[in-house]
Amino acid sequence: PHQALVRFGNRLLAADGISAEIRPSERDRWPANAVDADGVIVGWGGYMLIAGRGRRVAFLQEAAKRLPVHAPLLVSFHPRERDENVRFRTVTRIANPLRRLLHREPVVFGDALAPSLVHFFTKTELESEMSEAGFELVDFGTDGYGWAVARCVAGQSIQRREWT
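Analysis parameters
Position numbers for residues start from 1 in each chain and track the written sequence from start to end. With the structure being a predicted model, the display of local features is reserved for residues of pLDDT at least 70 and the display and counting of side-chain atom pairs for 80 or more, all residues being used for whole-chain, interface and lining totals. In computing side-chain properties, one takes all heavy atoms of the structure into account and sets aside hydrogens as well as water. The helix count covers DSSP runs of H or I at least four residues long, the strand count covers runs of E at least two residues long, and both are numbered beginning at the N terminus. Only protein chains enter the accessibility calculation, which uses a 1.4 Å probe; a residue is then buried when its area is under 20% of its type maximum, exposed when over 50%, and partly exposed in between. Contact between two residues is taken to exist if any of their heavy atoms lie within 4.5 Å; hydrogens are not considered. Interaxial angles span 0 to 180 degrees and are taken between N-to-C directions of axes, which are lines fitted to C-alpha atoms, for helices over the stretch in contact. Roughly parallel here means an angle under 35 degrees, roughly antiparallel means over 145, roughly perpendicular means 65 to 115, and every remaining angle is called oblique. Note on convention: near helix rotated counterclockwise from far helix by under a right angle means a left-handed crossing. Clockwise means right-handed. The patches reported here contain residues having more than 30% relative accessible area and no salt bridge. Joining distances are 9 Å for like charges and 5 Å for nonpolar side chains (Val, Leu, Ile, Met, Phe, Trp, Tyr). Accessible surface area values rest on a Shrake-Rupley calculation with a 1.4 Å probe, where residue burial reflects the displayed protein chains alone. Basic side-chain nitrogens of Lys or Arg form a salt bridge, by our definition, when they fall within 4 Å of a carboxyl oxygen of Asp or Glu. Nonpolar cores were defined as sets of buried Ala, Val, Leu, Ile, Met, Phe, Trp, Tyr and Cys residues, with membership established by side-chain atoms within 4.5 Å. To estimate the expected span of a helix, count its residues, drop one, and scale the result by 1.5 Å. Taking the helix axis as origin, the arc is that swept by the directions to the C-beta atoms. Strand pairing is assigned whenever DSSP detects at least two bridges linking the two strands.

In this section: the overall build of the chain. Looking only at helices and strands, the chain has 4 helices and 6 strands in total. A principal-axis box enclosing the C-alpha atoms of the chain has dimensions of 50 × 35 × 30 Å. Burial status across the chain gives 35% buried among its 164 residues. Intrachain contacts of the chain at a sequence separation of at least 6 include 62% that bridge at least 24 residues.

What follows is the structure, given as structure tokens:
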């Protein structure tokens, strides 16, 4: 949503002779004027910065509308390990009373400040969100940084070609 970053990114693309265009979008939303795509990369931890399961699922559902069936989706994120449960219980116990006082949405288990609000995922949680949005998890890893690859199962199979 940051216009200066959009302009900067477009200048970089043009300088490299790439005829693509970066378009602005509202925070945590799929771009309203997005064109159909052959695949989606939600990199640099962008997915984990979307606050709330409902917003994340809605984001992926909008992506699925622009993809053919079986098109790939790559998402990067911070993985949540079992030994971090005390950390996340502490975050929710401290944050939620404060958020109620401020009339804000509660944080959920897995949310943390690192340095801004981010969500740390388990494989089960990520797979559930992807499935609800119309994607099937194909591969998942946490070697250094979390990543997941899924394929669209609710895309535009009638209007566009299917990927196999």
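Another aspect to go through is the packing of helix 2 (residues 53-65) against helix 4 (residues 123-133). Packing of helix 2 against helix 4 leaves a shortest axis separation of 8 Å and a crossing angle of 50°. Classified by the angle between their axes, helix 2 and helix 4 sit oblique to one another. Helix 4 is crossed by helix 2, and the crossing has right-handed handedness. Touching Arg53, Arg56, Val57, Leu60, Gln61 and Ala64 of helix 2 are Glu125, Ser128, Glu129, Met130, Glu132 and Ala133, all from helix 4.

Residues Ile94, Leu98, Leu101 and Leu102 make up a contiguous nonpolar surface patch of roughly 440 Å² in combined accessible area. By secondary structure assignment, the location of Leu98 is in helix 3 (residues 85-101).

This next bit is on the environment of Leu74. Looking at the element boundaries, Leu74 is found in strand 2 (residues 72-79). When its relative accessible area of 32% is taken as the criterion, Leu74 is described as partly exposed. Each residue touching Leu74, except ones within four places of it in the same chain, is listed here: Val40, Ile41, Val42, Trp147, Ala148 and Val149.

This part is about the nonpolar core. One finds Tyr47, Leu60, Leu73, Phe77, Leu126, Met130 and Phe135 to be the most contacted residues of the largest nonpolar core, which totals 32 residues. Ranked by the residues each element gives to this core, the list is headed by helix 2, at 5 residues. Sequence-distant contacts of Tyr47, defined by excluding residues within four places in its chain, comprise Val42, Arg56, Val57, Phe59, Leu60, Val75, Ser76, Phe121, Leu126 and Glu129.

Attention now goes to helix 2. Along its 13 residues, helix 2 runs 19 Å from first to last C-alpha, staying within 8% of the 18 Å computed at 1.5 Å per residue. Within the span of helix 2, buried status applies to Arg56, Val57, Phe59, Leu60, Ala63 and Ala64. Each buried residue of helix 2 sits inside an arc of 155° when the element is viewed along its axis, so together they form one side.

What follows concerns the pairing of strand 4 (residues 117-121). For strand 4, the tally of buried residues reaches 4 of 5 residues, placing the bulk of the element in the interior. Here strand 2 pairs with strand 4 via 2 bridges, running parallel. Note that in strand 4 the partner of His78 across the bridge is Phe120. Note: strand 3 (residues 111-113) against strand 4, 3 bridges, orientation antiparallel. Looking at strand 4, one finds that Ala112 is bridged to Val118. Between strand 3 and strand 4, which follow one another and run antiparallel, lie 3 residues.

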